[in-house]
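# Residue-level structure breakdown
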Amino acid sequence: MTQSFFSTFILLILVTDPFGNVPLFAAALKDTPLERRNRIVIRECAIAFVLLLVFMFFGKHFLEALHLSPIALRIGGAVILLMIAIRMIFPHPDGVLGRSEGGEPFIVPLAIPALAGPSALATVLLLSATSFTETMVHVAALAAVGIVWLAVFLSAEKLQQKLGPQVMTAFERLMGLILTAMAVEMLLGGIREFVQTL
């Protein structure tokens, strides 16, 4: 159970990439009054958490409604994860998630797609469990990840100033490398399952 919690926690941290999203949060909130920044961070993190939680609980029903197999979702999710990971390792001018619009952020781009993006949604859909205990472990891991989001983004500006852009870039690339390996493992697992059904 502890191993399942830890692996789920690490996977969700890598997929949502809070440290890599620090520059995005800092840039999105730079024109927002200081007294509103903390409220916006809490709101955006809450929206992302609820969305991921809904997908975690109703993932199987969602797949059934769209007539998608878990294998197809696993392979598709792995491909998306791999693309995100590559952009983390080799930075793009528009950032990992693409260009963001100006103005006070509401849902887009901080909650979606920065935190609850396609890769994160695909990942929690894959975490849909059959047993109650396993589901609770995944919910606990997601809640722990939500706490990490709050801790990181509430101190985003200070963190960016203290560590500097080079350290933040190096950390993001390291997370991208780990995420690449996890994406490839997920892809190979999906291919193995598909071959077994032939």
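The rules behind the values
- Each chain carries its own residue numbering, running from 1 in the written order of its sequence.
- For this predicted model, a pLDDT threshold of at least 70 governs which residues receive local features, and a threshold of 80 or more governs which side-chain atom pairs are given and counted, while totals over whole chains, interfaces and linings are taken from all residues.
- The side-chain quantities take in all heavy atoms of the structure and omit both hydrogens and water.
- UniProt positions are given in the numbering used here, feature names are shortened, and annotations may be inferred rather than shown by experiment.
- Secondary structure elements are defined from DSSP: runs of H or I of at least 4 residues count as helices, runs of E of at least 2 residues count as strands, and each element is numbered from the N terminus.
- Relative accessible area decides the class of each residue, using a 1.4 Å probe on protein chains only: under 20% of the type maximum gives buried, over 50% gives exposed, and in between gives partly exposed.
- Pairs of residues are marked as contacts when any of their non-hydrogen atoms sit within 4.5 Å.
- Think of a 1 Å grid over the protein atoms and nothing else: a 1.4 Å probe that fits but is trapped marks a cavity, an open set flanked by protein within 12 Å on at least five of seven lines marks a pocket, and residues with an atom within 4 Å of a point count as lining.
- Grid points are joined across faces, edges and corners, and a volume is the space filled by probe spheres set on the points.
- Residues are grouped as follows: nonpolar covers Ala, Val, Leu, Ile, Met, Phe, Trp, Tyr, Cys and Pro; charged covers Asp, Glu, Lys and Arg; every other residue, Gly included, is treated as polar.
- Candidates for patches are residues over 30% relative accessible area with no salt bridge; among them, like charges are joined within 9 Å and nonpolar side chains (Val, Leu, Ile, Met, Phe, Trp, Tyr) within 5 Å.
- Only the protein chains shown count as covering a residue, and every accessible area follows the Shrake-Rupley method with a 1.4 Å probe.
- When a carboxyl oxygen of Asp or Glu is within 4 Å of a side-chain nitrogen of Lys or Arg, the pair counts as a salt bridge.
- What pLDDT reports is the predictor's confidence in each residue, on a scale of 0 through 100.
- Here a pair means two rings of Phe, Tyr or Trp (six-membered ring of Trp) with centres within 6.5 Å. Their orientation is stacked below 30 degrees between planes, edge-to-face above 60, and tilted elsewhere.

All right, on to the UniProt feature "transmembrane region" (unreviewed entry) in the protein chain then. UniProt marks residues 6-29, 41-59, 71-90, 110-129, 135-154 and 174-191 with the feature "transmembrane region" (unreviewed entry), using the numbering shown here. Split by type, residues 41-59 is 100% helix and 0% strand. Its first and last C-alpha atoms lie 26 Å apart. Counted over residues 174-191, helix gives 100% and strand 0%. Its end C-alpha atoms are 26 Å apart.

A word on helix 6 (residues 118-126). Most of helix 6 sits inside the fold, with 7 of its 9 residues counted as buried. Within the span of helix 6, buried status applies to Ser119, Ala120, Leu121, Ala122, Thr123, Val124 and Leu125. Residues of helix 6 that are buried in the fold lie against helix 1 (2-16), helix 3 (34-65), helix 4 (70-89) and helix 5 (110-115).

Its volume calculated, the second largest pocket comes out at about 500 Å³. Every residue lining the second largest pocket is counted, 19 residues in all, and those nearest its centre are Arg74, Thr123, Leu125, Leu126 and Leu127. Of all elements in the fold, only helix 1, helix 3, helix 4, helix 6 and helix 8 (156-197) reach the threshold of two or more residues within the lining of the second largest pocket. Counting residues per element, the lining of the second largest pocket draws most heavily on helix 8, at 4 residues. Its residues assigned to classes, the lining of the second largest pocket comprises 10 nonpolar, 4 polar and 5 charged.

What follows concerns a nonpolar patch on the surface. Nonpolar side chains collect at one region of the surface, where Val50, Val54, Phe57, Phe58, Phe132 and Met136 lie side by side and expose about 590 Å² of accessible area between them. Of all elements in the fold, only helix 3 and helix 7 (132-154) reach the threshold of two or more residues within the nonpolar patch. The element best represented in the nonpolar patch is helix 3, accounting for 4 residues.

As enumerated under the stated definition, the model contains 2 salt bridges in all. Where Glu44 meets Arg43, a salt bridge forms, and the shortest distance between an N and an O atom there is 3.0 Å. Note on Glu44: relative accessible area 0%, which makes it buried.

Turning our eyes to something else, we now look at the confidence of the model for the protein chain. Summarising the model, the protein chain shows a mean pLDDT of 81, and 91% of its residues fall at 70 or more. Per-residue pLDDT, averaged within each element of the protein chain, yields its smallest value for helix 2 (residues 22-29) (74) and its largest for helix 7 (93).

The subject of this paragraph is the packing of aromatic side chains. To describe a pair of aromatic rings, you give the distance between the ring centres and the angle between the ring planes. With the rule as written, the count across this model stands at 2 aromatic pairs. Summarising the aromatic geometry, the rings of Phe5 and Phe9 are spaced 6.2 Å apart at their centres and angled 10° between planes, so their arrangement reads as stacked. Of this pair, Phe5 and Phe9 both sit in helix 1, 4 residues apart, which is roughly one turn of the helix. Here Phe5 falls in the partly exposed class, since its relative accessible area comes to 30%.

On to the environment of Thr8. Here Thr8 lies in helix 1. With 103 residues separating them in the primary sequence, Thr8 and Ala111 have C-alpha atoms 20 Å apart. Not counting chain neighbours up to four residues away, the residues in contact with Thr8 comprise Leu127, His138 and Ala141.

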